[in-house]
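Residue strings, one per chain:
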Amino acid sequence: MYLPRQLISHLYLQLLRSHHPLSPPVLILVALEPDALCACRILTALLKRDYIPHKIQPVAGYGDLSRAGEELVRPMQTTNGGSGGVVVCLGVGGLVDLGEILALSNPEDEVEDMGGVEIWVFDARRPWNLGNVFGGLAGIGQPMAEIDANARRRGRGVDKGCVTSAYTSKNGGIIVYDDGDIEEELRNEREAYYALLEMPEVDDDDDDASDDGSEDEMQTGSKKRKSWSGREDDEDSEGDEPPHQRRRSNSGSSIASTPTRRKKTGINSSNSSRSATPTTDSPSPAEAKQPSARSLKKRLINLKRRHDSVLQSYYSSGTSYSEPISSLIYSLASELGRDDNDLLWLAIVGVSSLELSGRTMTGVGISNTSESGGSAGWGGQRGEHIRQILRDEVHRLNPPDPLESNRDIRGEINGVIPTTARSPTDTSIRLSPEPRFLLVRHWSLYESMLHSPYLAPRLHVWTENGRKRLHKLLAKMGISLTQCHQYYTHMDMELKRVLRSRLLKYAPMYGLDGLVPSEGSGSASAREGWGFVRCWGWKACLSATDVGVIVGAMLEVGPHETLASWDSKRLPRARDDTENNGITGESDLASLLPRFWSAYDALSLTSESPTILLEALPLAQHLHRAILRTGTSLLSKHQIRHLRAFRIAVVKDGPDVKLFTNPGALTKLALWIAEAIRVQEKERGDSVKIGRKRAAGTPLVLAGLDEDRDLYVVVGTGGGGGVVDFAAMSKRQEERKKKKELKEQKQKERSERRSKRAAERAEREEETGAEDEDSEESESSSESESEDEEDPRGKKHLLRNRFGIAFQEVVQETNARVRIDSFEHCVVEVQKDDLGGFLEALSFRSVVG
């Protein structure tokens, strides 16, 4: 089921009304990523204010999620002696069947029963598992005639998977919180899902076989239901599988009525009336000749394939990211009237963290960052709309002080980056014209520019000439090397005042047009491209990007210990007895739990939060120094090879090898290298053509050696395209509208011709009639495809990351020992000896599409 955004507070208010002292605590399963951590902080703040007990359980991957289901979730079921309850998944499980992985449903049960456990799913990853979105309720996955009256009553308040205001949380289920994607973009998938769910059994392999026995049964009205392949429905145990799993077995769920009870044009209509048994009346001689069972079977097979292709296309489109879950949960807080500066800051940090980890509308990869400057990155127009809402919230919750307004406005006009609070008690959030430097307030200007993921690839700082270009840029700006090597806060105040204006003047000479927000970045209510800054009195002044960088480093490097002792104190990973394609499954929580709780404490709403963040600053600086060192080594030594479908690099020696055994750190290094490669290709005028589309950069596979476990951690980043050219898209849409009008005129002519042929079609042979039906279906499917191209968000035109699909295909067709456990499907672990064969097989796959 899914909860539409306009009802986002419906379930929480029901939880608040039904809560009592004996109620079980809310279980929160949290992914180990900054966005999920920020969302967890917002949600726990709401629960604390309402005195609702809760328990937080970090989850590192699907293995940990399955263990949490067995040890924590399943005992909550009323069928296992528990009292039910609520489980909240933050950044967890949106891509898989949660009922199966949490061991909540038994495929052998006739009616699915969650045992009073309700799962709330918040996840920005796409594609959704449609079994969670449109199923997830007792009785949804069963044949309609086999659902008893009580199960139907339990399904009230749900309209084709959509939770309505009449829904009550009594019997449990899986509920996905919709950020708008499901309502706006998955209409075709919803219709196809329910059409397949209600479709009779049909075997594609026997579509040419004779079916006279079935025809006789249909005309005599036998009450014994049979599948189209001649098997009894009782033998089929796949009725509970979601559609994407049924695709592999080519079998659908069955309903009691036969297609003869349906209207010819309403086979896939969910609103048509259905009977529990077929008709027993013999056809009247006056009636038109009935199609044979073979003809009906052929039509049904074609219809099934058509609906199945809709779901197949959705699942095979590749991964992408939608609205950050921290932003979605802040919307929940706002709807409840609980929004304040602390929760707003957490939402801002969560949104800012997405760009740092390369999560775009095309999955994990580099994005076509806009040239407007500032923190432009993921999401295109939609992402900028979310950031603008956050800016409006900053102005609403942080009104200017009349006594300080003149100074603040003057500073903003001059573009001075704020580095101090206004007063000892100032904890407000401000907008700032942030340049695309890294940790500029906590580093020297030179180090901040040198380690910038935006500036470094464009200046080629891994070469000697690149360093000279950086020095020339600073010289033209009138900043001496002595000044720029000082901490930014200690620089001459006059240089800090003129820094932005000089960057705007000289940066375009070096291809750095988007380094800072432009002069005309908007009024006080807009300021497109501006960042966010918060101060904690005289203690600290941090930007949202600074916090995202530090929290990410705490999760990827480890607890805030001294760097010299980090390797020696690194905790060993606990092992279990499970196997996954030859690689022993391992619980990552043993080493990651200290990291999680350190990062969780750093996002505390108390005054201790900035202290913890400042103590962890050396971790962030250490990580990004390692990225620059390792990336420079790979590029300067020409260790990046170009295979058929992607580039490949391997990190197997050097001082930072152990650091890049963490998937998050390895992904950041891959994004740094991919951005450098894209800049080089752009300067040479190279590009990669994929199908009819031209990629913004070559996809990259980066492998990091983990000697302790004798394997490689492998990450695949996409080819870019994260921001859409909406101006060009609007022109294409206008052209499509004109073409659509012409198609509509042709369609009218076709409909007239069809009406003339209607009488003739009744007299044709049965097989010819089936072919005509097939032609009509193909015409309608082509029309629906043309309508699908009118995607207002432009996602159909993006090249998405398909590494997760390619990895699974390679595993199925080779003997490579591979472990796929990360929620990020573009991250896998490959046995050391199998890496060569794995990459060779992968090179023949489509990794971007």
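The numbers attached to residues start from 1 for each chain and follow its sequence in the written order. Local features are withheld for residues below a pLDDT of 70 in this predicted model, meaning they are given only at 70 or higher, and side-chain atom pairs are given and counted only at 80 or more; totals for whole chains, interfaces and linings count all residues. Calculation of side-chain values draws on the structure's entire complement of heavy atoms; hydrogens and water are dropped beforehand.

Participant: Can you explain the overall build of the chain? Please cite residues and give values.
Facilitator: Runs of E in the DSSP output that reach at least two residues are strands. Runs of H or I that reach at least four are helices, and both are numbered from the N terminus. Counting its secondary structure elements, the chain contains 29 helices and 25 strands. Per-residue accessibility, obtained with a 1.4 Å probe over protein chains only, is compared with the maximum for each type, and a residue is labelled buried under 20%, exposed over 50%, and partly exposed between these values. Within the chain, the proportion of its 849 residues that are buried is 55%. Partitioning the intrachain contacts of the chain with sequence separation of at least 6 by distance along the chain shows that 78% fall at a separation of at least 24. Calculation of accessible area relied on Shrake-Rupley with a 1.4 Å probe; when residues are assessed, cover is drawn exclusively from the protein chains displayed. As displayed, the chain has an accessible area near 36800 Å², and 48% of this comes from carbon and sulfur atoms. Throughout, a contact is declared for two residues whenever any of their heavy atoms are within 4.5 Å.

Participant: Explain the sheet that holds strand 22 (residues 700-706) to me, and be specific about the residues and the numbers.
Facilitator: The strands making up a sheet are joined through hydrogen bonds of the backbone, oriented either antiparallel or parallel. A sheet is described by the order of its strands in space; here six strands give the open sequence 18-19-22-23-25-24, paired in mixed fashion. Each of the sheet's edge strands pairs with one partner strand only, and the pair in question is strand 18 (641-642) and strand 24 (818-819). Between any two strands, at least two bridges found by DSSP are needed for them to pair. Bridge analysis of strand 19 (residues 647-651) against strand 22 gives five bridges, and the strand direction is parallel. When the bridges of strand 22 are listed, A649 appears paired with L702. Axes here refer to lines fitted to C-alpha atoms; in helices the fit is confined to the stretch in contact. Angles between the N-to-C directions go from 0 to 180 degrees. Where helix 25 (residues 663-684) meets the sheet, it contacts strand 19, strand 22, strand 23 (711-717) and strand 25 (827-831), and its direction lies at approximately 145° from that of strand 22.

Participant: Residues and numbers for the pairing of strand 13 (residues 429-432), please.
Facilitator: Looking down a regular strand, the side chains alternate between one sheet face and the other. The two faces of strand 13 match: I429 and L431 on one face and R430 and S432 on the other face are all buried. Here strand 13 runs beside strand 14 (residues 531-535); their pairing, made up of four bridges, is antiparallel. Within strand 14, the position partnered with I429 by the bridge is R534.

Participant: How would you summarise the packing of aromatic side chains if you had to cite specific residues and measurements?
Facilitator: Between two aromatic rings, the relevant description is the distance of the centres plus the angle of the planes. Note on ring pairs: Phe, Tyr and Trp rings are taken, using the six-membered ring of Trp, and paired if centres are within 6.5 Å. Classes follow the plane angle, with under 30 degrees stacked, over 60 edge-to-face and the rest tilted. Enumeration over the complete set of coordinates arrives at 16 aromatic pairs. Ring centres 6.1 Å apart and planes at 15° place the aromatic pair F596 and Y600 in the stacked group. Of the two residues, F596 and Y600 both sit in helix 22 (residues 589-602), four residues apart, roughly one turn of that helix. Neither residue differs from the other here; F596 and Y600 are each classed as buried. Relative to F838, the ring of F807 has its centre 5.6 Å away and its plane inclined at 40°; by these criteria the two rings are tilted. Residue F807 is found in helix 28 (residues 803-813), and its partner F838 is found in helix 29 (residues 835-842); the two are separated by 31 residues along the sequence.

Participant: Let's hear about the state of the cysteines: which residues, and what values?
Facilitator: In protein structure, a disulfide is the covalent linkage between the sulfur atoms of two cysteines. By convention in this document, the label disulfide applies to cysteine sulfur atom pairs within 2.5 Å. Across all of its chains, the model carries zero disulfides by this definition. A disulfide-free cysteine, C40 has its sulfur positioned 9.9 Å from the sulfur of C38, the nearest such atom. Classification of C40 as buried rests on a relative accessible area of 0%.

Participant: Lay out the sheet that holds strand 13 with the relevant residues and their values.
Facilitator: Taken in spatial order, the three strands of this open sheet run 13-14-15, and their pairing is antiparallel. One side of each edge strand has no neighbouring strand; the edge strands of this open sheet are strand 13 and strand 15 (541-543). Put simply, the sheet's adjacent strands are angled 30° from each other on average, direction ignored. Together, strand 14 and strand 15 form the strand contacts of helix 21 (residues 544-556), whose direction differs from that of strand 15 by roughly 85°.

Participant: Could you give an account of the nonpolar core, with specific residues and numbers?
Facilitator: By size, the foremost hydrophobic cluster in this structure holds 210 residues, and its most contacted members are L65, L90, I119, L445, L702, F838 and L842. Sequence-distant contacts of I119, defined by excluding residues within four places in its chain, comprise V87, C89, L98, L102, L104, G173, I174 and I175. Nonpolar cores were defined as sets of buried Ala, Val, Leu, Ile, Met, Phe, Trp, Tyr and Cys residues, with membership established by side-chain atoms within 4.5 Å.

Participant: Which residues make up the confidence of the model for the chain, and what values do they have?
Facilitator: Scored between 0 and 100, pLDDT is the confidence that the predictor attaches to each residue. The predicted model of the chain has a mean per-residue pLDDT of 76, with 70% of residues at 70 or higher. Here residues 370-376 is modelled with pLDDT under 50, and outside its nearest four sequence neighbours on either side it reaches 28 contacts, counting other chains as well.

Participant: Summarise the pairing of strand 2 (residues 26-31); cite the residues concerned and give the values.
Facilitator: In terms of residue burial, strand 2 counts as a mostly covered element, since six of its six residues are buried. Here strand 2 shows a buried face lined by V26, I28 and V30 and a second buried face lined by L27, L29 and A31. Looking at chain direction, strand 2 and strand 3 (residues 54-59) are connected through six bridges and run parallel. Looking across to strand 3, one finds that L27 is bridged to K55. Clockwise travel from the first strand over the helix to the second, with the strands pointing away from the viewer, marks a crossover as right-handed. Assessed by its sense of winding, the connection that carries the chain from strand 2 through helix 2 (residues 34-49) to strand 3 is right-handed.

Participant: How would you explain unusual backbone geometry if you had to name every residue and give the values?
Facilitator: Among all residues save glycine, negative phi is the norm, and among peptide bonds the norm is trans. Here the residue pair R126 and P127 is connected by a cis peptide bond, since its omega of 10° sits within 30 degrees of zero. Along the chain, P127 turns up in the loop between strand 6 (125-126) and helix 5 (130-134). In this structure, D710 is a non-glycine residue whose phi angle is positive, near 60°. Looking at where D710 falls in the secondary structure, it is placed in the loop between strand 22 and strand 23.

Participant: Let's hear about helix 20 (residues 493-506): which residues, and what values?
Facilitator: Here helix 20 contains 14 residues, and its C-alpha end-to-end distance of 20 Å stays within 8% of the 20 Å for a straight helix at 1.5 Å per residue. For a residue, the bend is simply the angle between two axes, fitted respectively to the seven-residue segment ending there and the seven-residue segment starting there. Maximum bend of helix 20: about 45°, positioned at L499. Residues adjacent in sequence count toward polar contacts only when both atoms are side-chain atoms; beyond that, a polar contact is any pair of N or O atoms within 3.5 Å, and within protein one must be able to donate a hydrogen and the other to accept it. At the N-terminal boundary of helix 20, the capping side chain belongs to D492, with an oxygen 3.0 Å from the backbone nitrogen of E494. What a helix should span is 1.5 Å times the count of its residues minus one.

Participant: Outline the side chain of D35, listing residues and values.
Facilitator: Looking at the secondary structure, you find D35 in helix 2. Working convention for charge: Lys and Arg count positive, Asp and Glu count negative, and His plus the chain ends are omitted. For salt bridges, the criterion is a side-chain nitrogen of Lys or Arg within 4 Å of an Asp or Glu carboxyl oxygen. One buried charge, D35, has no salt-bridge partner; the nearest side chain with opposite charge is R359, at 5.9 Å. Of note is the side chain of D35, whose polar atom sits 3.1 Å from the backbone nitrogen of I325.

Participant: Help me get a handle on the packing of helix 24 (residues 617-636) against helix 25, residues and values and all.
Facilitator: Close contact between helix 24 and helix 25 brings their axes to 10 Å; oriented N to C, the two are set at 50°. The angle between helix 24 and helix 25 places the two elements in the oblique class. Handedness of the crossing formed by helix 24 with helix 25: right-handed. Taken together, the residues of helix 25 that come into contact with helix 24 (itself represented by L623, I627, L628, T630, G631, T632, L634 and L635) are A665, K668, L669, W672, I673 and A676. Oblique is the label for every angle not falling under 35 degrees (roughly parallel), over 145 degrees (roughly antiparallel), or within 65 to 115 degrees (roughly perpendicular). Left-handed describes a crossing in which the near helix is turned anticlockwise from the far one by less than a right angle; the clockwise case is right-handed.

Participant: Describe the pattern of salt bridges, naming the residues involved and giving the relevant values.
Facilitator: Per the stated rule, a full pass over the model turns up 33 salt bridges. Between R67 and D64 there is a salt bridge, and its shortest N-O distance comes to 2.7 Å. Separated by three residues within a single helix, R67 and D64 lie in helix 3 (residues 62-73), roughly one turn from each other. If you follow the salt bridges from partner to partner, you end up with E33, D123, R125, R359 and E824 in one network.

Participant: Give me the lowdown on helix 24, citing residues and values where you can.
Facilitator: A rise of 1.5 Å per residue sets the reference length of helix 24, with its 20 residues, at 28 Å; its end C-alpha atoms lie 28 Å apart and thus fit the reference within 8%. Among the 20 residues of helix 24, 14 are classified as buried, and the element is accordingly described as predominantly covered. Within two residues after helix 24, H638 carries a phi angle of roughly 55°, on the positive side.

Participant: Got a sec to walk through the packing of helix 2 against helix 12 (residues 325-335)? Specific residues and values, please.
Facilitator: It is the contact of helix 2 with helix 12, at a shortest axis distance of 8 Å, that shows an interaxial angle of 15°. As summarised for this structure, helix 2 and helix 12 are arranged roughly parallel, according to the angle between their axes. Read as a crossing pair, helix 2 and helix 12 show a hand that is left-handed. Residues D35, A36, C38, A39, I42, L43 and L46 of helix 2 lie in contact with helix 12, whose contacting residues are I325, S326, I329, Y330, L332 and A333. Following the grouping adopted for this structure description, the nonpolar residues are Ala, Val, Leu, Ile, Met, Phe, Trp, Tyr, Cys and Pro, the charged ones are Asp, Glu, Lys and Arg, and the polar ones are all others, Gly among them. Partitioned by chemical class, the residues of the contact of helix 2 with helix 12 number 11 nonpolar, one polar and one charged.

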